Amino acid sequence: MSGMKLYAASGISRRVILVLVLFLVCTGTPLKTAECRESEYFSIAKNIELLGDVYRKVSENYVDSIDTAEFMYAGIDGMLETLDPYTVFLDEKESVELGELTSGQYAGIGVRISEIAGEVYIVSVFEDTPASNAGLRVGDRIERVDRHVVKGKELDEVKNLIKGPAGSQVTLTVGRYGQNKERRFRLARREVKVNSIRYAGLFGNVGYFDMNTFGNRSADELTRAINEMHAAAMIRSRSMNAVILDLRNNPGGLLDVAVDVTGLFVDKGSRVVSTMGRDPESEIRYQTPRAPVAAGLPLAVLINRNSASASEIVAGAIQELDRGVIIGDRSFGKGFVQSVIGLPYDCTLKLTTAKYYTPSGRLIQKEHDWTGGVRKVLEREEMQDDKEIFYTRNRRKVYGGGGILPDIRVDGYSMSGYEAALRKAGMLFRYANKYRALNDTLPGSGIDRKAMMADFERFLESEKFSYQTEPEVLLGEVKQSLQDKHEGSSSKMDALVVSLENEMKLLAGKQKSSESETIARALEQEIMRHFDEDAARRSGVERDPVVKKALAILQDSSKYRKILSP
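Residues numbered from 1 in each chain as written. Predicted model: local features only at pLDDT ≥ 70, side-chain atom pairs only at ≥ 80, totals over all residues. Heavy atoms only, no water.

1. Structural notes on the environment of Lys 350
Argument step 1. The topology assignment puts Lys 350 in strand β19 (residues 348-357).
Argument step 2. Sequence separation between Lys 350 and Val 340 is ten residues; the distance between their C-alpha atoms is 4.6 Å. (Helix = DSSP H or I, 4+ residues; strand = E, 2+ residues; numbered from the N terminus.)

Here it is as structure tokens:
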């Protein structure tokens, strides 16, 4: 979800909306009625009439019957596709989902589900929810929701079956590894609040906060988490003297909330971001409204290529106000703001209405070609050059162009092809599920890795899992191509192919052997997650190379100051 401002417009009649759209498009702003020329108004009215006629003629005369609602939605989608990927029409169901994302709450039972190897599994259970209180756990395979058989259904359909009005009942029938008898859980749905702080922990004297969205309550949730870490440190007779705010893979959310989150760390009245629409006089400047809760504490903000929108507003402001060090990879590069406009029949239009700029005036939107293959309706967009120089409060150089470039570049964990193949096939998850079924608790001395990996290899064999490296796949395509073209067979060619296959198998074996330690750690963490999700998250944070770098910088005060005041 993008950085956005919310406007309530539901309940407006179709006629009022049509007149309003004509008026706004014609003038660019409702304050400039004198600039609306008669020719522009006529052009808009003519084209709307033409659109209506095309829709009616096709609906009435096309050779086959059509779904008129879906036909209209397709027309709206096609029209909006000529603009940008963030301007979208949402039907009633999608509008409800947007509201859930924004509010961070929904009526359900408190689980996250995923499709793994053709089955639907519970992959996370939220604390103090109907699911956790009833005893559902990570790894349970959902067979039926009420009387609906899950197998063969789309994941979104299963989610919608589980969700429902607060107070209503739902029955989940699940399978648990190693148990022949299915289990039935009858649960009362209730409002589930999803905390945007995915994990908070104290690492030495440094508070770590993993934030995954910017919803209505996110600033309050982060404030509460910071206060809880202060209290946890005091219990241990020490103080929290630095903060890591992890915004990696955070796609953003509400613009106002990004300002409030920034305000937890910077002085009251600090300029965080400004927005500007089509009219240059439409600029709005956003400043922090209250005193910070983490004033003066050294700060590191972690970003990567999936940190977007509101995440980039926070990172950009922290960087340019020289309030903290930005660590990780260049961010996504989304500098557009969407307004959410209510439409009749509980539909919604999420419309790009402005660009946002960091305190120094940077536009971090990366350049795209969004109109390839369709009619060009936009004039050429002017984007900043990635060599254009801006300056922070301490006169450090920062650059325009796409995304926020971190002060310190650190590559995060990157999966190998073998690990990616294991995860895609669900092998780590399913083995962890098996381990959890056979063990009531984790061994106090830790898992015996050698025995675990030997058992895991046997598990892969029983599941008939096979892995081919990219060169092996390419060689197989070459062999198939030769057969398809009937090139014939030659002893020299056959010997060469066999030799290559044997060499590649040796290389694949060496690759798997070299990655044994990495796979063992990943498997160990997945097993831990099936027992204790928070403990697994902490283990992952401790091993994270970007977090390690942040901890090292925050614990070296002279190096930290030197980065911010060169």
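2. Things to note about a negative patch on the surface
Argument step 1. A cluster of acidic side chains, namely Glu 115, Glu 154, Asp 156 and Glu 157, defines a negative patch on the protein surface.
Argument step 2. Looking at the secondary structure, you find Asp 156 in helix α6 (residues 155-162).
Argument step 3. Classification of Asp 156 by relative accessible area gives partly exposed; the value is 47%. (Patch = residues over 30% accessible without salt bridge, like charges linked within 9 Å, V, L, I, M, F, W, Y side chains within 5 Å. Areas by Shrake-Rupley, 256 points an atom, 1.4 Å probe, with all protein chains shown as cover. Salt bridge = Lys/Arg side-chain N within 4 Å of Asp/Glu carboxyl O. Lys, Arg positive; Asp, Glu negative; His and termini not counted. Charge placed at Lys NZ, Arg CZ, Asp CG, Glu CD. Buried < 20%, exposed > 50% of the residue type's maximum accessible area, 1.4 Å probe, protein only.)

3. Quick look at the pattern of salt bridges
Argument step 1. Under the criterion given, the structure shown has 30 salt bridges.
Argument step 2. As a salt-bridge pair, Asp 53 and Arg 56 come within 2.3 Å of each other at their nearest N and O atoms. Of the two residues, Asp 53 and Arg 56 are both situated in helix α2 (residues 38-61); the distance of three residues between them amounts to about one turn of the helix.
Argument step 3. Here Arg 56 falls in the partly exposed class, since its relative accessible area comes to 39%.
Argument step 4. With a shortest N-O distance of 3.2 Å, Arg 217 and Glu 221 are connected by a salt bridge.
Argument step 5. Overall, the relative accessible area of 21% leaves Arg 217 in the partly exposed class.
Argument step 6. Within this structure, Arg 305, Asp 329, Arg 409 and Asp 411 form a network of salt bridges that share partners.

4. Some thoughts on helix α7 (residues 218-235)
Argument step 1. Here α7 is 18 residues long and its end C-alpha atoms lie 26 Å apart, about the 26 Å a rise of 1.5 Å per residue gives.
Argument step 2. By the burial criterion, the buried members of α7 are Ser 218, Ala 219, Glu 221, Leu 222, Thr 223, Ala 225, Ile 226, Met 229, Ala 232 and Ala 233.
Argument step 3. Summarising the contacts, the buried residues of α7 are in contact with β11 (197-203), β12 (206-211), β13 (242-246) and α8 (255-262).
Argument step 4. One or two residues past the end of α7 sits Ser 237, with phi positive at roughly 60°. (Expected span 1.5 Å × (residues − 1). Contact = heavy atoms within 4.5 Å.)

5. Digging into the packing of aromatic side chains
Argument step 1. Taken as a whole, this structure holds eleven aromatic pairs when the rule is applied.
Argument step 2. Ring plane angle 75° and centroid distance 5.4 Å describe the contact between Tyr 431 and Phe 456, whose orientation is recorded as edge-to-face. With Tyr 431 in helix α11 (residues 427-438) and Phe 456 in helix α12 (residues 449-462), this residue pair connects regions lying 25 residues apart in the sequence.
Argument step 3. Between Phe 456 and Phe 459, the aromatic rings sit 6.5 Å apart at their centres with planes inclined by 15°, giving stacked as the arrangement. You can see Phe 456 and its partner Phe 459 sitting in helix α12, three residues apart, about one turn around the helix. By the burial criterion, Phe 456 is buried, and Phe 459 matches it.
Argument step 4. Through successive ring pairs, a cluster of aromatic residues spans Tyr 199, Phe 203 and Tyr 208.
Argument step 5. A cation over an aromatic ring shows up here: Arg 538 above the ring of Phe 203, its NZ or CZ 4.1 Å from the ring centre. (Phe/Tyr/Trp six-rings, centres within 6.5 Å; stacked < 30°, edge-to-face > 60°. Lys NZ or Arg CZ within 6 Å of the ring centre and 35° of its normal.)

6. Looking at the sheet that holds β13
Argument step 1. A sheet is described by the order of its strands in space; here six strands give the open sequence β11-β12-β13-β16-β17-β22, paired in mixed fashion. Two strands lie at the open edges of the sheet, namely β11 and β22 (408-409), each paired on one side alone.
Argument step 2. As paired elements, strand β17 (residues 325-328) and β22 share two bridges and run parallel to each other. From the neighbouring strand, Gly 328 faces β22, where its bridge partner is Arg 409.
Argument step 3. Most of the contacts of helix α16 (residues 533-543) go to β11, to which it runs at about 65°, and overall it touches β11 and β12. (Pairing = 2+ DSSP bridges. Axes fitted to C-alpha atoms, helices over the stretch in contact; angles between N-to-C directions.)

7. A word on the confidence of the model for the protein
Argument step 1. For the protein, the average pLDDT comes to 87, and 89% of its residues sit at 70 or higher.
Argument step 2. The low-confidence segment residues 1-32, where pLDDT is below 50, has 73 contacts with residues more than four positions distant or belonging to other chains. (pLDDT = per-residue confidence, 0-100.)

8. Things to note about helix α18 (residues 557-564)
Count 3.6 residues to each turn of an α-helix, and residues three or four apart come out pointing the same way.
Argument step 1. By the burial criterion, the buried members of α18 are Tyr 560, Ile 563 and Leu 564. Down the axis of α18, the buried side of the element spans an arc of 90°, and every buried residue falls inside it. Exposed side of α18, more than 90 degrees from the buried face: Arg 561 and Lys 562 are the residues found there.
Argument step 2. Packing partners of the buried residues in α18 comprise β16 (299-303), β17, β22 and α17 (545-554). (Arc of directions from axis to C-beta.)

9. A word on the pairing of strand β14 (residues 271-276)
Argument step 1. As judged from the four bridges shared by β14 and strand β15 (residues 284-287), these two strands associate in the antiparallel manner. Each residue of the ladder has a partner; that of Thr 275, found in β15, is Ile 284.
Argument step 2. Here β14 runs beside β19; their pairing, made up of three bridges, is antiparallel. Considered in β19, the bridge of Met 276 is made with Lys 355.

10. A closer look at a nonpolar patch on the surface
Argument step 1. A cluster of nonpolar side chains, Ile 389, Tyr 391, Tyr 399 and Leu 405, forms an exposed patch at the surface whose accessible area comes to about 330 Å².
Argument step 2. One can find Leu 405 in the loop between β21 (397-399) and β22.

11. Structural notes on unusual backbone geometry
Argument step 1. Unlike most non-glycine residues, Asp 346 shows phi in positive territory, near 60°.
Argument step 2. One non-glycine residue, Arg 395, lies in the positive phi region at around 70°.
Argument step 3. Looking at the element boundaries, Arg 395 is found in the loop between β20 (389-391) and β21.
Argument step 4. Taking relative accessible area as the criterion, Arg 395 reaches 55% and is therefore assigned exposed.

12. A few points about the side chain of Arg 248
Argument step 1. Here Arg 248 shows up in the loop between β13 and α8.
Argument step 2. A relative accessible area of 12% places Arg 248 in the buried class.
Argument step 3. A polar atom in the side chain of Arg 248 sits 2.7 Å from the side chain of Asp 246.
Argument step 4. Within the structure, the side chain of Arg 248 is placed 2.8 Å from the side chain of Asp 544, a separation counted as a polar contact.
Argument step 5. Here Arg 248 is in contact with Arg 198, Tyr 208, Leu 302, Ile 303, Asn 304, Ser 307, Asp 544, Val 546 and Val 547, once residues within four sequence places are set aside. (Polar contact = N/O pair within 3.5 Å; in protein donor to acceptor, adjacent residues only side chain to side chain.)

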